[in-house]
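Per-entry structural report
If you want the building blocks of each chain, they are given just below.
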Amino acid sequence: MDDQPLKGQKALVTGASSGIGEGVARALGAAGAAVVVNYVAKPEAAAKIVEEIRGNGVDAVAIRGDVSKELEVEAMFAEMERTWGGIDILVNNAGLQRDAPVTEMTLEQWNTVLGVNLTGVFLCSRAAARSMIRRGTRHPISRAAGKIICISSVHEVIPWAGHVNYAASKGGVGMFMKSLAQELAPHRIRVNSVAPGAIMTPINREAWDTPGALEKLLKLIPYGRIGLPEDIGKVVAFLASDAADYIHGQTIYVDGGMTLYPEFAHGG
Ligand code: NAD
């Protein structure tokens with residue numbers, strides 16, 4: 001098997017200075033892609049990841065940009081266009097939570113989560129699609145004109161009390177992705193999602209950083225371990241490659257079985 005299936009391709013990963021985005025950026029770099037590490041905070045973390053990706057002998061740059069702001073997204077893609085001439089792979093990973101019971105949730109908490117997790121996905125996908133359509137198919141670099149991959153969540157389908165903004169945003173990503181896949185297929189742009197279960201990152205630290213919390217969490221994971229950013233990175237690298245050329249409009253759950261309703265494992 002080709003160990004650098006993404007050689008010659010240019011990728012942009014949003015929110016790549018930590019957690020899953022970092023794992024995805026590293027996996028794409030290891031698969032041979034040049035990578036833009038987008039970040040909004042912690043420039044030093046982004047710079048370190050860029051250095052390490054370059055260690056694979058591929059190009060990498062860090063570009064600051066808030067995915068919820070139209071002008072910043074446009075500026076980021078313009079910079080990528082100037083530097084590398086276009087984009088082959090977009091990974092919409094940036095996301096956040098602002099949790100509260102619905103009766104106490106502020107409009108700001110609602111808008112912040114929808115703004116990053118859903119509007120950010122729209123703004124980045126729109127900019128990437130324009131560039132991919134303009135360039136057309138990339139044979140022999142790739143059979144597709146481009147690949148757009150959204151990092152959704154098991155909460156695309158599992159309701160989550162106390163997190164209505166987050167669950168609504170991820171449910172929205174599900175239909176956005178499918179509608180976009182339908183719309184962009186004639187341009188040979190493949191669009192898919194990866195929906196992680198519980199992955200050990202800063203976003204959910206309180207769910208795994210004490211033995212008690214971890215034990216409770218593991219009850220929700222039939223496979224019996226918490227996920228790691230590289231578990232997601234490997235699947236994204238596969239989905240971006242020609243090995244996945246006939247996968248289009250799908251959400252791939254990477255969750256150790258979290259969506260299997262483990263409460264029913266012994267008859268419910
Ligand atoms: P994380 O907090 O480490 O990563 C989120 C990243 O997004 C951070 O680097 C943050 O700086 C960035 N970000 C936030 N707002 C941004 C903005 N406006 N513009 C650009 N970047 C921004 O957490 P993570 O777990 O790595 O989350 C990554 C994605 O995975 C999110 O979309 C999250 O919803 C999803 N996810 C995570 C889990 C999990 O268990 N960790 C499960 C399901 C889905």
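Coordinates for the structure precede this section.
Residues numbered from 1 in each chain as written. Predicted model: local features only at pLDDT ≥ 70, side-chain atom pairs only at ≥ 80, totals over all residues. Heavy atoms only, no water.

**Considering the overall build of the chain**
Helices and strands together make up the secondary structure of the chain, namely seven helices and seven strands. Its helices and strands in sequence order give the chain the pattern β-α-β-α-β-α-β-α-β-α-β-α-α-β, from N to C terminus. Taking 268 residues into account, the globule formula puts the C-alpha radius of gyration at 18 Å, and the chain, at 18 Å, falls close to it. Along the first, second and third principal axes, the C-alpha atoms of the chain reach 50 × 45 × 40 Å. Within the chain, the fraction of its 268 residues that count as buried is 50%. Residue pairs in contact within the chain that sit at least 24 positions apart in sequence constitute 74% of those at least 6 positions apart. For the chain, the accessible surface area stands at approximately 12800 Å², while carbon and sulfur atoms represent 57% of it. One finds the centroid of the 26 positive side-chain charges in the chain at a distance of 5 Å from the centroid of its 28 negative side-chain charges. (Helix = DSSP H or I, 4+ residues; strand = E, 2+ residues; numbered from the N terminus. Rg over C-alpha atoms; globule rule 2.2 N^0.38 Å. Buried < 20%, exposed > 50% of the residue type's maximum accessible area, 1.4 Å probe, protein only. Contact = heavy atoms within 4.5 Å. Areas by Shrake-Rupley, 256 points an atom, 1.4 Å probe, with all protein chains shown as cover. Lys, Arg positive; Asp, Glu negative; His and termini not counted. Charge placed at Lys NZ, Arg CZ, Asp CG, Glu CD.)

**So, the pairing of strand β3 (residues 60-64)**
Relative to β3, strand β2 (residues 34-39) runs parallel, the two sharing five bridges. Paired with V36 across the strands is V61, a residue of β3. Regarding topology, helix α2 (residues 43-54) serves as the crossover connection from β2 to the parallel β3, and that connection is right-handed. (Pairing = 2+ DSSP bridges. Right-handed = clockwise from strand over helix to strand, strands pointing away.)

**Some details on the site of the ligand**
Near the ligand you find 28 residues, and of these I20, D66, N93, Y166 and T201 are the closest. In this structure, a nitrogen atom belonging to the ligand sits 2.7 Å away from a side-chain N or O atom of D66. A distance of 2.5 Å separates an oxygen atom of the ligand from a polar side-chain atom of T201. The protein chains hide 91% of the 820 Å² of surface that the ligand would expose on its own. Among the secondary structure elements, those contributing two or more residues to the shell around the ligand are α1 (19-30) and α5 (164-184). Broken down by class, the residue content of the shell around the ligand amounts to 13 nonpolar, 13 polar and two charged. (Near = heavy atom within 4 Å. Polar contact = N/O pair within 3.5 Å; in protein donor to acceptor, adjacent residues only side chain to side chain. Nonpolar A, V, L, I, M, F, W, Y, C, P; charged D, E, K, R; others polar.)

**Structural notes on the sheet that holds β3**
The sheet built from seven strands is open, its strands ordered β3-β2-β1-β4-β5-β6-β7 with parallel pairing. Every other strand in the sheet has two partners, leaving β3 and β7 (251-254) as the edge strands with one partner each. Averaged over all adjacent pairs, the angle separating strand axes in this sheet is 20°, with direction ignored. By the bridge criterion, four bridges tie strand β4 (residues 89-92) to strand β5 (residues 146-151) in an arrangement that is parallel. Among the inter-strand pairings, V91 is bridged to a residue of β5, identified as I149. Set on the sheet, α1 makes contact with β1 (10-13), β2, β4, β5 and β6 (189-196); between it and β1 the angle comes to about 170°. Lying over the sheet, α5 contacts β5, β6 and β7, oriented at roughly 160° with respect to β6. (Axes fitted to C-alpha atoms, helices over the stretch in contact; angles between N-to-C directions.)

**Looking at the side chain of H163**
Residue position: H163 is located in the loop between β5 and α5. Residue contacts for H163: discarding those within four places in its chain leaves Q97, D99 and A100.

**Structural notes on the nonpolar core**
Among the nonpolar cores identified, the biggest contains 35 residues, and L12, F77, I87, L90, I148 and V191 are the most heavily contacted of them. Elements that contribute at least two residues to this core include exactly β2, α3 (70-84), α4 (107-135), β5, α5 and β6. Tallying contributions element by element places α4 first for this core, with nine residues. The contacts of L12, once residues within four sequence positions are left out, are V36, N38, M76, F77, M80, I87, I89, L90 and V91. In terms of nonpolar packing, the next biggest core, distinct from the first, is built from 33 residues, I20, V194, I199 and L239 among them. (Core = buried A, V, L, I, M, F, W, Y, C linked by side-chain atoms within 4.5 Å.)

**Looking at a nonpolar patch on the surface**
There is a patch of nonpolar side chains on the surface, built from V102, L107, W110 and V164 and spanning about 370 Å² of accessible area. Within the element layout of this structure, W110 appears in helix α4. Given the relative accessible area of 32%, W110 is considered partly exposed. (Patch = residues over 30% accessible without salt bridge, like charges linked within 9 Å, V, L, I, M, F, W, Y side chains within 5 Å. Salt bridge = Lys/Arg side-chain N within 4 Å of Asp/Glu carboxyl O.)

**Description of the pattern of salt bridges**
Within the structure shown, the criterion is met by 15 salt bridges. Where E74 meets R130, a salt bridge forms, and the shortest distance between an N and an O atom there is 3.9 Å. Taken together, the residues E74 in helix α3 and R130 in helix α4 connect sequence positions 56 residues apart. Residue R135 is joined to D88 by a salt bridge in which the shortest nitrogen-to-oxygen separation is 3.4 Å. Within this pair, whereas R135 is found in helix α4, its partner D88 is found in the loop between α3 and β4, the two being separated by 47 residues in sequence. Each of E22, R26, K48 and E52 takes part in a single network of salt bridges with overlapping partners.

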